[in-house]
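# Overview (structure and organization)
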Amino acid sequence: MKETGRTQAVVAVGCLAERYGKTLADQLPEADAVLGFDSYADMSNNLQRILDGEKPQAHVPRDRRTLLPIAPAARAGKANTVSLPGHSQPAAELADVAPASGPPVMRARLDGRPWAPLKIASGCDRRCSFCAIPMFRGSFVSRRPHEIITEAAWLAERGVKEVFLVSENTTSYGKDLGDLRLLEQMLPDLSALEGIERVRVSYLQPAEIRPDLLDAMASIPGVLPYYDISFQHASGPLLRKMRRFGDRESFLSLIEQVRSRVPEAGIRTNIIVGFPGETEADFAEVKLFIEQARLDVVGVFGYSDEDGTEAEGYGEKHDADTIASRVAELTSLAEELNAQRAAERIGTTISVLIEEIDEESGEIVGRAEQQGPDVDGVTLLDLQDFAEPVSVGDIVSATVTDSEGVDLIASLKTD
Ligand code: SF4
């Protein structure tokens, strides 16, 4: 509504803009510009030029892995020469200090939610054959701990109680900074920040999970019993075609290692079905894994070709009907097992972060420690249980009384 409304220009940014550049611009003639990651460092000037009537050329995408050295340790001194969305800009990086007025990256809070994602790294050095992410996000680069901690403190000052550490591969954190244990060292500092009650770690790559990391996650106060492990499949031969490690038995053993440390752990994963060459035996193997693993949440996705990936060139592709039918079958099984897992929590005590309060219906929506934001179900409480006033951002203790799918119904614990 540029002609009649307040909007003066439409600019496409983000992963799609970076990945497709000029191709996207050709398909979106209504957009005034399509800007890639390299435009971010000078974004306000770029936007001003667009408002002044300039029409910048859409960039031609390139494989961003080529922008930094292959050896992770050689990247640290060069990372500030590449535009990395969500990382500090070169000037702040060189000065090695955060701007006094705010976090080291430009960040605004558009909502009053009591949790916030907090980026700890960009890119990925793995080469899963179905995945295009490394091509447009580039090589793995960690943000420096002081930058992350400063941003977490800034979020805490704005009412955030839970920080959700995100990256493409959190288990790689620190390897380019010369210390693979940097995450374990940073977690206590994050959870000790005034106002931060919960630190949620996400996107663990099963091939890189170390016992030390599991020990740290299990023992550092404030780090949640939440394990987001992307298995993607469970058949060994198929995982090799995906260029991934592991198989059903090694994954079950990993899950056992988590549960032996944290029996109440919430564990989620994603599975791709219908990958090229997936046999009936492979599919049976992943179903068996889901039955045996008893996970809290399983996201099931049907395979589709991603431009420029190795798997795009594979033979033995399944037709759309086969993929849809495998997605439906595994989804139905996963939903049933995830619901059973939620029901197993009935009678347990949970800690709930309050996220919404509906005064009219009397319903309170929150999340237990095992439930990640947006995708893992919620916990429902009854406002009538509360003798004292309650606010969004409060953390309360509750007893699970029932479940609906992956959602938990709980009553306030009063003793
Ligand atoms: S699926 Fe994950 S680990 Fe594999 S290449 Fe993509 S981002 Fe990296």
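Residues numbered from 1 in each chain as written. Predicted model: local features only at pLDDT ≥ 70, side-chain atom pairs only at ≥ 80, totals over all residues. Heavy atoms only, no water.

### Some remarks on the environment of Arg19
In this fold, Arg19 is placed in helix H1 (residues 15-27). Note: C-alpha distance between Arg19 and Arg64 (45 residues apart in sequence) is 9.8 Å. Apart from the residues within four sequence positions on either side, Arg19 is in contact with Pro61, Ala132, Phe136, Glu306 and Asp307. (Helix = DSSP H or I, 4+ residues; strand = E, 2+ residues; numbered from the N terminus. Contact = heavy atoms within 4.5 Å.)

### What about the pattern of salt bridges?
Tallying each qualifying case throughout the model produces 35 salt bridges. Between Glu208 and Arg126 there is a salt bridge, with the nearest N and O atoms lying 2.5 Å from each other. Residue Glu208 is located in the loop between strand S7 (198-201) and helix H7 (211-219), and its partner Arg126 is located in the loop between strand S4 (121-122) and helix H4 (133-137); the two are separated by 82 residues in the primary sequence. Looking at Glu208, the relative accessible area reads 17%, which means it is buried. Classification of Arg126 as buried rests on a relative accessible area of 18%. With its nearest N and O atoms 2.7 Å apart, the salt bridge here joins Glu329 to Lys287. Here Glu329 is found in helix H11 (residues 320-343), whereas its partner Lys287 is found in helix H10 (residues 280-293), with 42 residues between them in sequence. Assessed through its relative accessible area of 37%, Glu329 is described here as partly exposed. Each of Glu162, Arg198, Arg200, Glu355 and Arg367 takes part in salt bridges that share partners, so that together they form one network. (Salt bridge = Lys/Arg side-chain N within 4 Å of Asp/Glu carboxyl O. Buried < 20%, exposed > 50% of the residue type's maximum accessible area, 1.4 Å probe, protein only.)

### Considering H7
Leu213, Leu214, Ala216 and Met217 are the residues of H7 that are buried. Viewed end-on, H7 has its buried residues packed into an arc of 160°, placing them on one side of the element. Buried residues along H7 sit against helix H6 (182-191), S7, strand S8 (226-228) and helix H9 (248-261). (Arc of directions from axis to C-beta.)

### Section: the environment of Ser191
Counting through the fold element by element, Ser191 comes out in helix H6. Residue classification places Ser191 among the buried residues on the basis of a relative accessible area of 16%. As a C-alpha pair, Ser191 and Lys161 span 30 residues in sequence and 10.0 Å in three-dimensional space. The residues touching Ser191, leaving out its near neighbours within four places in the chain, are Ile196, Val199, Ile220, Pro221 and Gly222. One polar contact links the side chain of Ser191 to the main-chain carbonyl oxygen of Pro188, over a distance of 3.4 Å. (Polar contact = N/O pair within 3.5 Å; in protein donor to acceptor, adjacent residues only side chain to side chain.)

### A word on empty space enclosed by the protein
Under the counting rule described, the total for this entry stands at three cavities of 30 Å³ or more. Lining the largest cavity are Asp296, Val297, Asn338, Arg341, Ala342, Arg345, Ala368, Gln370, Gln371, Asp376, Val406 and Leu408. Top contributing element to the lining of the largest cavity by residue count: H11, with three residues. Classifying every residue of the lining of the largest cavity by side-chain character gives five nonpolar, three polar and four charged. Every residue lining the second largest cavity is listed: Arg64, Leu67, Leu68, Val82, Ser83, Leu84, Arg137, Gly138 and Ser139. Of the residues in the lining of the second largest cavity, the class split is four nonpolar, three polar and two charged. (1 Å grid on protein atoms, 1.4 Å probe; cavity = no way out; pocket = protein on both sides within 12 Å on 5 of 7 lines; lining within 4 Å. Points joined across faces, edges and corners; volume = space filled by probe spheres on them. Nonpolar A, V, L, I, M, F, W, Y, C, P; charged D, E, K, R; others polar.)

### Quick notes on the confidence of the model for the chain
For the chain, the average pLDDT comes to 91, and 95% of its residues sit at 70 or higher. Throughout residues 90-98 the model reports pLDDT below 50, and contacts reaching past four residues in sequence, or to other chains, amount to 11 contacts. (pLDDT = per-residue confidence, 0-100.)

### Quick look at the side chain of Lys119
Examined against the element boundaries, Lys119 turns out to sit in strand S3 (residues 115-119). Among buried charged residues, Lys119 stands out as having no salt bridge; its nearest opposite-charge side chain is Glu168, 5.6 Å away. Within polar-contact distance, the side chain of Lys119 engages the side chain of Ser122 at 3.2 Å. When near neighbours in sequence (up to four residues on either side) are disregarded, Lys119 contacts Pro85, Gly86, His87, Arg137, Arg143, Ile148 and Val166. (Lys, Arg positive; Asp, Glu negative; His and termini not counted.)

### As for the site of the ligand
As a structural note, the neighbourhood of the ligand is formed by Cys124, Arg126, Cys128, Phe130, Cys131, Pro134, Gln205 and Arg244. Here the residues of the shell around the ligand are counted per class, giving five nonpolar, one polar and two charged. (Near = heavy atom within 4 Å.)

### Regarding the nonpolar core
If you look at soluble globular proteins, the nonpolar side chains tend to sit buried side by side. Membership of the largest hydrophobic core comes to 67 residues, with the highest contact counts inside it found for Leu165, Leu190 and Tyr227. Of the residues forming this core, the biggest block, six residues, is contributed by helix H5 (residues 145-157). When near neighbours in sequence (up to four residues on either side) are disregarded, Leu190 contacts Leu118, Ile148, Ile149, Ala152, Leu165, Ile196 and Val199. Of all hydrophobic cores here, the second largest spans 16 residues; its members include Ile350, Ala398, Val400 and Leu412. (Core = buried A, V, L, I, M, F, W, Y, C linked by side-chain atoms within 4.5 Å.)

### Overview of the side chain of Ser129
Relative to the assigned elements, Ser129 resides in the loop between S4 and H4. Polar contacts involving the side chain of Ser129 include one to the main-chain carbonyl oxygen of Lys241, which spans 2.7 Å. Excluding anything up to four places from it in sequence, Ser129 contacts Lys241, Met242, Arg243, Phe275, Thr309, Glu310, Ala311 and Tyr314.

### Quick notes on the packing of aromatic side chains
A full pass over the atoms with the stated rule returns eight aromatic pairs. Centre to centre, the rings of Phe37 and Tyr40 are 5.6 Å apart; their planes meet at 70°, and the pair counts as edge-to-face. Three or more aromatic residues joined by ring pairs make a cluster, and in this case those are Phe130, Phe275, Tyr303 and Tyr314. Lying over the aromatic face of Tyr226, Arg200 brings its terminal NZ or CZ to 4.5 Å of the ring centre. (Phe/Tyr/Trp six-rings, centres within 6.5 Å; stacked < 30°, edge-to-face > 60°. Lys NZ or Arg CZ within 6 Å of the ring centre and 35° of its normal.)

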